[in-house]
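Remarks on the overall topology
Single-letter residue listing:
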Amino acid sequence: MASIPDKMKGVIIEKNGGTDVLQYKTDLPVPTPKAGQVLVKNDFIGINYIDTYFRTGLYPAPSLPYILGREACGSIVKTGGGEMYGLQDGDKVVWMAEGAYAEYTAAPAAKAIKVPTDMDAHIGAAALLQGLTALTLIREAHPVKKGDWVLVHAAAGGTGLWLCQLLKAVGANIIGTASTEEKVDTATKAGATHMINYSQDDVKTKVMELTKNAGCIAVFDGVGKSTFDLSLDCLARKGSLVSFGNASGAVPPVTIAKLSPKNARLMRPTLFGYIASREEFEHYTNELFDFILKDKLDVRIHKTYPLSEVATAHDDLEGRKTSGKLLLDPSK
(Lines give C-alpha, C1' and ligand atoms only; values in the text may rest on other atoms or scores of the structure.)
Protein backbone atom coordinates (compact mmCIF):
# COMPACT_ATOMS: atom_id res chain seq x y z
CA MET A 1 0.00 0.00 0.00
CA ALA A 2 1.25 3.49 -0.87
CA SER A 3 2.70 5.56 1.93
CA ILE A 4 0.53 8.21 3.52
CA PRO A 5 1.68 11.78 2.80
CA ASP A 6 1.94 14.53 5.40
CA LYS A 7 -0.03 17.10 3.39
CA MET A 8 -3.25 16.92 1.37
CA LYS A 9 -5.66 18.88 -0.77
CA GLY A 10 -8.82 20.09 0.91
CA VAL A 11 -11.37 22.88 1.25
CA ILE A 12 -11.79 24.90 4.44
CA ILE A 13 -13.84 27.85 5.61
CA GLU A 14 -12.48 30.35 8.12
CA LYS A 15 -15.68 32.40 8.25
CA ASN A 16 -19.27 32.08 7.10
CA GLY A 17 -20.62 33.53 3.89
CA GLY A 18 -21.07 32.92 0.19
CA THR A 19 -19.02 30.68 -2.04
CA ASP A 20 -16.15 33.15 -1.80
CA VAL A 21 -15.34 31.82 1.71
CA LEU A 22 -14.50 28.35 0.30
CA GLN A 23 -10.71 28.07 0.35
CA TYR A 24 -9.05 25.34 -1.71
CA LYS A 25 -5.76 24.33 -0.08
CA THR A 26 -3.00 21.96 -1.12
CA ASP A 27 -1.07 21.90 2.16
CA LEU A 28 -3.55 20.80 4.81
CA PRO A 29 -2.23 18.26 7.32
CA VAL A 30 -3.35 14.69 6.79
CA PRO A 31 -5.28 13.70 9.93
CA THR A 32 -4.17 10.87 12.21
CA PRO A 33 -6.96 8.43 13.08
CA LYS A 34 -7.77 8.16 16.78
CA ALA A 35 -9.22 5.12 18.55
CA GLY A 36 -12.47 4.15 16.83
CA GLN A 37 -11.54 5.98 13.61
CA VAL A 38 -10.37 4.88 10.16
CA LEU A 39 -8.27 7.03 7.84
CA VAL A 40 -9.92 6.96 4.41
CA LYS A 41 -8.31 8.10 1.17
CA ASN A 42 -11.38 9.58 -0.50
CA ASP A 43 -12.11 8.75 -4.15
CA PHE A 44 -15.39 10.66 -4.49
CA ILE A 45 -17.01 13.14 -2.13
CA GLY A 46 -20.75 13.79 -1.96
CA ILE A 47 -22.09 17.35 -1.96
CA ASN A 48 -25.26 17.98 0.02
CA TYR A 49 -27.41 21.01 0.72
CA ILE A 50 -26.43 20.77 4.38
CA ASP A 51 -22.90 21.74 3.29
CA THR A 52 -24.24 25.13 2.21
CA TYR A 53 -25.93 25.57 5.61
CA PHE A 54 -22.60 25.13 7.40
CA ARG A 55 -20.91 27.44 4.87
CA THR A 56 -23.45 30.25 5.34
CA GLY A 57 -23.73 29.80 9.10
CA LEU A 58 -27.36 28.69 9.09
CA TYR A 59 -25.96 25.69 10.96
CA PRO A 60 -23.00 26.62 13.19
CA ALA A 61 -19.72 24.84 12.52
CA PRO A 62 -18.19 23.21 15.63
CA SER A 63 -15.11 25.40 15.18
CA LEU A 64 -13.27 27.39 12.54
CA PRO A 65 -11.38 26.74 10.34
CA TYR A 66 -13.70 23.92 9.28
CA ILE A 67 -13.60 21.31 6.51
CA LEU A 68 -17.05 20.96 4.99
CA GLY A 69 -18.65 17.76 3.71
CA ARG A 70 -20.55 14.87 5.28
CA GLU A 71 -19.92 11.78 3.11
CA ALA A 72 -17.45 10.13 0.76
CA CYS A 73 -16.26 6.80 -0.57
CA GLY A 74 -12.69 5.55 -0.67
CA SER A 75 -10.23 3.07 0.77
CA ILE A 76 -9.11 2.63 4.35
CA VAL A 77 -5.37 3.30 4.55
CA LYS A 78 -4.95 3.21 8.32
CA THR A 79 -6.94 2.28 11.41
CA GLY A 80 -6.77 3.95 14.78
CA GLY A 81 -7.45 0.93 16.96
CA GLY A 82 -10.43 0.19 19.15
CA GLU A 83 -13.78 -1.03 17.79
CA MET A 84 -13.47 -1.31 14.01
CA TYR A 85 -16.73 -3.19 13.27
CA GLY A 86 -14.80 -5.63 11.08
CA LEU A 87 -13.17 -2.91 8.97
CA GLN A 88 -9.49 -3.15 8.03
CA ASP A 89 -6.83 -1.57 5.82
CA GLY A 90 -7.64 -1.81 2.12
CA ASP A 91 -11.43 -2.03 2.51
CA LYS A 92 -13.52 0.01 0.09
CA VAL A 93 -16.00 1.91 2.21
CA VAL A 94 -18.57 4.64 2.20
CA TRP A 95 -18.73 6.79 5.30
CA MET A 96 -20.79 9.57 6.79
CA ALA A 97 -19.43 12.07 9.31
CA GLU A 98 -17.60 15.41 8.90
CA GLY A 99 -14.57 16.70 7.05
CA ALA A 100 -15.24 15.15 3.64
CA TYR A 101 -13.95 17.93 1.37
CA ALA A 102 -10.40 16.58 1.46
CA GLU A 103 -8.17 13.85 0.07
CA TYR A 104 -8.08 12.08 3.44
CA THR A 105 -10.57 11.94 6.31
CA ALA A 106 -10.36 10.35 9.75
CA ALA A 107 -13.89 8.99 9.89
CA PRO A 108 -15.59 7.16 12.75
CA ALA A 109 -15.60 3.42 12.09
CA ALA A 110 -19.14 3.35 13.47
CA LYS A 111 -20.29 5.40 10.48
CA ALA A 112 -18.30 3.59 7.79
CA ILE A 113 -19.45 0.48 5.96
CA LYS A 114 -18.05 -1.72 3.23
CA VAL A 115 -19.32 -1.17 -0.31
CA PRO A 116 -20.96 -4.33 -1.73
CA THR A 117 -18.66 -6.02 -4.23
CA ASP A 118 -21.30 -5.77 -6.96
CA MET A 119 -21.79 -2.00 -6.57
CA ASP A 120 -19.49 0.70 -7.92
CA ALA A 121 -17.85 2.62 -5.10
CA HIS A 122 -18.82 6.06 -6.44
CA ILE A 123 -22.45 4.96 -6.32
CA GLY A 124 -22.05 4.71 -2.57
CA ALA A 125 -20.87 8.30 -2.29
CA ALA A 126 -23.76 9.42 -4.47
CA ALA A 127 -26.31 7.38 -2.56
CA LEU A 128 -25.49 7.43 1.12
CA LEU A 129 -26.69 10.67 2.69
CA GLN A 130 -29.54 11.51 0.34
CA GLY A 131 -30.64 7.89 -0.03
CA LEU A 132 -30.63 7.30 3.72
CA THR A 133 -32.46 10.59 4.23
CA ALA A 134 -35.23 9.53 1.87
CA LEU A 135 -35.40 5.99 3.25
CA THR A 136 -35.65 7.04 6.89
CA LEU A 137 -38.24 9.69 5.99
CA ILE A 138 -40.61 7.10 4.48
CA ARG A 139 -39.86 4.47 7.13
CA GLU A 140 -39.85 6.57 10.30
CA ALA A 141 -40.88 10.21 9.83
CA HIS A 142 -44.10 8.98 8.20
CA PRO A 143 -44.30 5.22 7.55
CA VAL A 144 -45.70 5.22 4.01
CA LYS A 145 -48.04 2.40 3.00
CA LYS A 146 -49.06 1.09 -0.40
CA GLY A 147 -51.70 3.33 -1.94
CA ASP A 148 -50.92 6.42 0.17
CA TRP A 149 -51.05 9.78 -1.57
CA VAL A 150 -47.79 11.60 -0.92
CA LEU A 151 -46.53 15.04 -2.03
CA VAL A 152 -42.82 15.55 -2.70
CA HIS A 153 -41.54 19.08 -3.21
CA ALA A 154 -38.48 19.59 -5.44
CA ALA A 155 -39.01 16.08 -6.78
CA ALA A 156 -36.15 16.37 -9.28
CA GLY A 157 -33.59 17.38 -6.67
CA GLY A 158 -31.13 14.98 -5.08
CA THR A 159 -33.29 13.78 -2.19
CA GLY A 160 -36.47 14.28 -4.23
CA LEU A 161 -35.40 11.73 -6.83
CA TRP A 162 -34.60 9.25 -4.07
CA LEU A 163 -38.02 9.82 -2.53
CA CYS A 164 -39.72 9.24 -5.90
CA GLN A 165 -37.89 5.96 -6.48
CA LEU A 166 -38.35 4.60 -2.96
CA LEU A 167 -42.00 5.67 -2.76
CA LYS A 168 -42.64 3.94 -6.07
CA ALA A 169 -40.98 0.80 -4.72
CA VAL A 170 -43.37 0.74 -1.75
CA GLY A 171 -46.43 1.42 -3.93
CA ALA A 172 -47.35 5.00 -3.04
CA ASN A 173 -49.19 7.48 -5.26
CA ILE A 174 -46.59 10.22 -5.72
CA ILE A 175 -47.31 13.83 -6.56
CA GLY A 176 -44.14 15.77 -7.24
CA THR A 177 -43.42 19.44 -7.84
CA ALA A 178 -40.72 20.97 -10.04
CA SER A 179 -39.99 24.27 -11.76
CA THR A 180 -39.24 23.24 -15.37
CA GLU A 181 -40.48 20.71 -17.89
CA GLU A 182 -37.04 19.10 -17.93
CA LYS A 183 -37.23 18.51 -14.18
CA VAL A 184 -40.82 17.29 -14.50
CA ASP A 185 -39.62 14.70 -16.99
CA THR A 186 -36.69 13.66 -14.77
CA ALA A 187 -38.92 13.12 -11.73
CA THR A 188 -41.51 11.26 -13.80
CA LYS A 189 -38.84 8.85 -15.00
CA ALA A 190 -37.78 8.36 -11.37
CA GLY A 191 -41.27 7.17 -10.47
CA ALA A 192 -43.47 10.18 -9.72
CA THR A 193 -47.06 9.22 -10.55
CA HIS A 194 -48.12 12.83 -11.17
CA MET A 195 -46.00 15.94 -11.61
CA ILE A 196 -46.91 19.61 -11.15
CA ASN A 197 -44.86 22.34 -12.81
CA TYR A 198 -45.32 25.05 -10.21
CA SER A 199 -44.15 27.74 -12.62
CA GLN A 200 -47.28 27.05 -14.68
CA ASP A 201 -49.89 25.48 -12.40
CA ASP A 202 -51.30 26.09 -8.93
CA VAL A 203 -49.99 23.29 -6.73
CA LYS A 204 -52.83 23.19 -4.19
CA THR A 205 -55.49 23.14 -6.91
CA LYS A 206 -53.79 20.26 -8.71
CA VAL A 207 -53.23 18.29 -5.51
CA MET A 208 -56.88 18.58 -4.55
CA GLU A 209 -57.99 17.57 -8.05
CA LEU A 210 -55.81 14.46 -7.96
CA THR A 211 -56.78 13.44 -4.42
CA LYS A 212 -60.50 14.25 -4.84
CA ASN A 213 -60.13 17.05 -2.26
CA ALA A 214 -58.74 14.69 0.38
CA GLY A 215 -55.18 16.01 0.26
CA CYS A 216 -52.00 14.02 0.86
CA ILE A 217 -51.43 11.89 3.95
CA ALA A 218 -47.77 12.92 3.91
CA VAL A 219 -45.89 15.89 2.52
CA PHE A 220 -42.11 15.69 2.30
CA ASP A 221 -40.83 19.26 2.14
CA GLY A 222 -37.12 19.92 1.72
CA VAL A 223 -37.67 23.45 0.40
CA GLY A 224 -38.61 25.12 3.67
CA LYS A 225 -39.71 28.72 4.05
CA SER A 226 -41.37 29.27 0.65
CA THR A 227 -43.45 26.06 0.65
CA PHE A 228 -44.36 25.50 4.31
CA ASP A 229 -47.84 27.04 4.22
CA LEU A 230 -48.55 25.39 0.87
CA SER A 231 -47.53 22.03 2.31
CA LEU A 232 -49.95 22.47 5.20
CA ASP A 233 -52.72 23.42 2.75
CA CYS A 234 -52.10 20.25 0.73
CA LEU A 235 -52.15 17.97 3.75
CA ALA A 236 -54.94 15.46 4.38
CA ARG A 237 -56.77 15.19 7.69
CA LYS A 238 -54.49 13.36 10.17
CA GLY A 239 -51.61 13.82 7.74
CA SER A 240 -47.91 14.39 8.39
CA LEU A 241 -46.00 17.45 7.23
CA VAL A 242 -42.35 16.40 7.26
CA SER A 243 -40.15 19.47 6.88
CA PHE A 244 -36.60 18.25 6.36
CA GLY A 245 -34.75 21.04 4.54
CA ASN A 246 -34.25 24.77 4.12
CA ALA A 247 -33.41 25.21 0.43
CA SER A 248 -35.44 28.45 0.32
CA GLY A 249 -34.53 29.50 3.85
CA ALA A 250 -35.45 28.35 7.35
CA VAL A 251 -39.13 28.01 8.25
CA PRO A 252 -40.14 30.84 10.64
CA PRO A 253 -41.59 29.97 14.07
CA VAL A 254 -44.92 28.17 13.69
CA THR A 255 -48.10 28.82 15.65
CA ILE A 256 -49.00 25.33 16.81
CA ALA A 257 -52.74 26.03 16.51
CA LYS A 258 -52.30 25.95 12.70
CA LEU A 259 -52.14 22.15 12.99
CA SER A 260 -55.53 21.86 14.69
CA PRO A 261 -57.97 22.06 11.73
CA LYS A 262 -56.59 18.85 10.22
CA ASN A 263 -55.23 17.16 13.36
CA ALA A 264 -51.94 17.41 11.50
CA ARG A 265 -48.54 16.16 12.59
CA LEU A 266 -45.47 18.34 12.06
CA MET A 267 -41.95 16.95 12.10
CA ARG A 268 -38.51 18.45 11.56
CA PRO A 269 -36.31 15.33 11.51
CA THR A 270 -32.62 14.97 10.76
CA LEU A 271 -31.06 11.86 9.29
CA PHE A 272 -28.52 11.49 12.08
CA GLY A 273 -31.31 11.17 14.63
CA TYR A 274 -32.44 8.00 12.86
CA ILE A 275 -29.01 6.39 12.49
CA ALA A 276 -27.44 7.32 15.82
CA SER A 277 -26.52 3.74 16.72
CA ARG A 278 -24.33 1.37 14.71
CA GLU A 279 -27.28 -1.02 14.47
CA GLU A 280 -29.53 1.66 12.95
CA PHE A 281 -26.80 2.77 10.54
CA GLU A 282 -26.15 -0.78 9.35
CA HIS A 283 -29.87 -1.61 9.10
CA TYR A 284 -30.79 1.35 6.91
CA THR A 285 -27.58 1.34 4.85
CA ASN A 286 -28.00 -2.35 4.02
CA GLU A 287 -31.67 -1.80 3.17
CA LEU A 288 -30.67 1.09 0.90
CA PHE A 289 -28.03 -1.02 -0.85
CA ASP A 290 -30.65 -3.76 -1.34
CA PHE A 291 -33.02 -1.25 -2.97
CA ILE A 292 -30.22 -0.07 -5.28
CA LEU A 293 -29.14 -3.55 -6.33
CA LYS A 294 -32.43 -5.46 -6.31
CA ASP A 295 -34.85 -2.75 -7.42
CA LYS A 296 -32.30 -1.33 -9.88
CA LEU A 297 -32.65 2.19 -8.53
CA ASP A 298 -31.08 4.89 -10.67
CA VAL A 299 -28.41 6.68 -8.67
CA ARG A 300 -28.47 9.81 -10.81
CA ILE A 301 -25.20 11.75 -10.78
CA HIS A 302 -25.58 15.27 -12.15
CA LYS A 303 -21.86 16.02 -12.40
CA THR A 304 -18.48 15.29 -10.83
CA TYR A 305 -16.54 18.50 -10.14
CA PRO A 306 -12.82 18.81 -9.37
CA LEU A 307 -12.41 19.60 -5.66
CA SER A 308 -10.70 22.82 -6.75
CA GLU A 309 -14.02 23.91 -8.36
CA VAL A 310 -16.14 23.43 -5.25
CA ALA A 311 -17.41 27.03 -5.41
CA THR A 312 -18.92 26.38 -8.84
CA ALA A 313 -20.59 23.24 -7.49
CA HIS A 314 -22.16 25.18 -4.61
CA ASP A 315 -23.31 27.93 -7.00
CA ASP A 316 -24.93 25.34 -9.26
CA LEU A 317 -26.64 23.60 -6.34
CA GLU A 318 -28.00 26.78 -4.78
CA GLY A 319 -28.99 28.16 -8.18
CA ARG A 320 -31.22 25.12 -8.80
CA LYS A 321 -29.21 24.31 -11.92
CA THR A 322 -28.84 20.65 -10.99
CA SER A 323 -30.88 17.46 -10.95
CA GLY A 324 -29.43 14.53 -9.09
CA LYS A 325 -26.24 14.15 -7.11
CA LEU A 326 -23.17 16.38 -7.21
CA LEU A 327 -19.79 14.77 -6.51
CA LEU A 328 -16.29 16.12 -5.95
CA ASP A 329 -13.10 14.47 -7.19
CA PRO A 330 -10.34 15.20 -4.62
CA SER A 331 -7.57 14.24 -7.02
CA LYS A 332 -8.22 17.37 -9.10
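Scroll up to find the structure this text is about.
For clarity, every value in this text was computed on a predicted model and none was experimentally measured. (Residues numbered from 1 in each chain as written. Predicted model: local features only at pLDDT ≥ 70, side-chain atom pairs only at ≥ 80, totals over all residues. Heavy atoms only, no water.)

Side note on the overall build of the chain
In terms of helices and strands, the chain carries eight helices and 16 strands. Across its three principal axes, the chain shows a C-alpha extent of roughly 65 × 40 × 35 Å. Out of the 332 residues belonging to the chain, those deemed buried represent 53%. The long-range share in the chain, meaning contacts at least 24 apart out of those at least 6 apart in sequence, stands at 68%. Approximately 14,300 Å² of the chain is accessible, and the part contributed by carbon and sulfur atoms is 50%. Mean positive and mean negative side-chain charge positions of the chain (37 and 37 charges, respectively) differ by 4 Å. (Helix = DSSP H or I, 4+ residues; strand = E, 2+ residues; numbered from the N terminus. Buried < 20%, exposed > 50% of the residue type's maximum accessible area, 1.4 Å probe, protein only. Contact = heavy atoms within 4.5 Å. Areas by Shrake-Rupley, 256 points an atom, 1.4 Å probe, with all protein chains shown as cover. Lys, Arg positive; Asp, Glu negative; His and termini not counted. Charge placed at Lys NZ, Arg CZ, Asp CG, Glu CD.)

What to know about the side chain of Lys 111
Looking at the element boundaries, Lys 111 is found in the loop between strand E7 (104-108) and strand E8 (112-114). Among the polar contacts listed, one links the side chain of Lys 111 to the backbone oxygen of Ala 276, at a separation of 3.2 Å. The contacts of Lys 111, once residues within four sequence positions are left out, are Val 94, Trp 95, Met 96, Ile 275, Ala 276, Ser 277, Arg 278 and Phe 281. (Polar contact = N/O pair within 3.5 Å; in protein donor to acceptor, adjacent residues only side chain to side chain.)

Some thoughts on unusual backbone geometry
Most peptide bonds adopt trans geometry, and most residues besides glycine take a negative phi value. Omega for the bond connecting Leu 64 with Pro 65 falls within 30 degrees of zero, at 0°, which places this linkage in the cis form. A positive phi angle, close to 50°, is found at Ala 154, a residue other than glycine. Position of Ala 154 among the secondary structure elements: in the loop between strand E9 (149-152) and helix H3 (158-169). Note on Ala 154: relative accessible area 32%, which makes it partly exposed. Phi is positive for Asn 263, close to 50°, though the residue is something other than glycine.

Thoughts on the environment of Ala 110
Structurally, Ala 110 can be placed in the loop between E7 and E8. Exposure remark for Ala 110: the relative accessible area of 22% places this residue in the partly exposed category. Taking the C-alpha atoms as reference points, Ala 110 and Ala 97, separated by 13 residues in sequence, lie 9.7 Å from one another. Non-local contacts of Ala 110, meaning those with residues more than four positions away in its chain, are made with Tyr 85, Arg 278 and Phe 281.

A few points about the sheet that holds E9
Taken in spatial order, the six strands make up an open sheet running E11-E10-E9-E12-E13-E14, and their pairing is parallel. In this open sheet, the two strands that pair with only one neighbour each are strand E11 (194-197) and strand E14 (265-267). Averaged over all adjacent pairs, the angle separating strand axes in this sheet is 15°, with direction ignored. Sheet topology places E9 next to strand E10 (residues 173-178); four bridges connect them, and they run parallel. Looking at E10, one finds that Leu 151 is bridged to Ile 175. In this fold H3 packs onto E9, E10 and strand E12 (216-221), with an angle of close to 165° to the strand it touches most, E9. (Pairing = 2+ DSSP bridges. Axes fitted to C-alpha atoms, helices over the stretch in contact; angles between N-to-C directions.)

Looking at the side chain of Lys 183
Within the secondary structure, Lys 183 is located in helix H4 (residues 181-190). With residues near it in sequence (within four places) discarded, Lys 183 still touches Ala 156, Ala 178, Arg 320 and Thr 322.

Worth remembering: the numbers are spatial, not functional.
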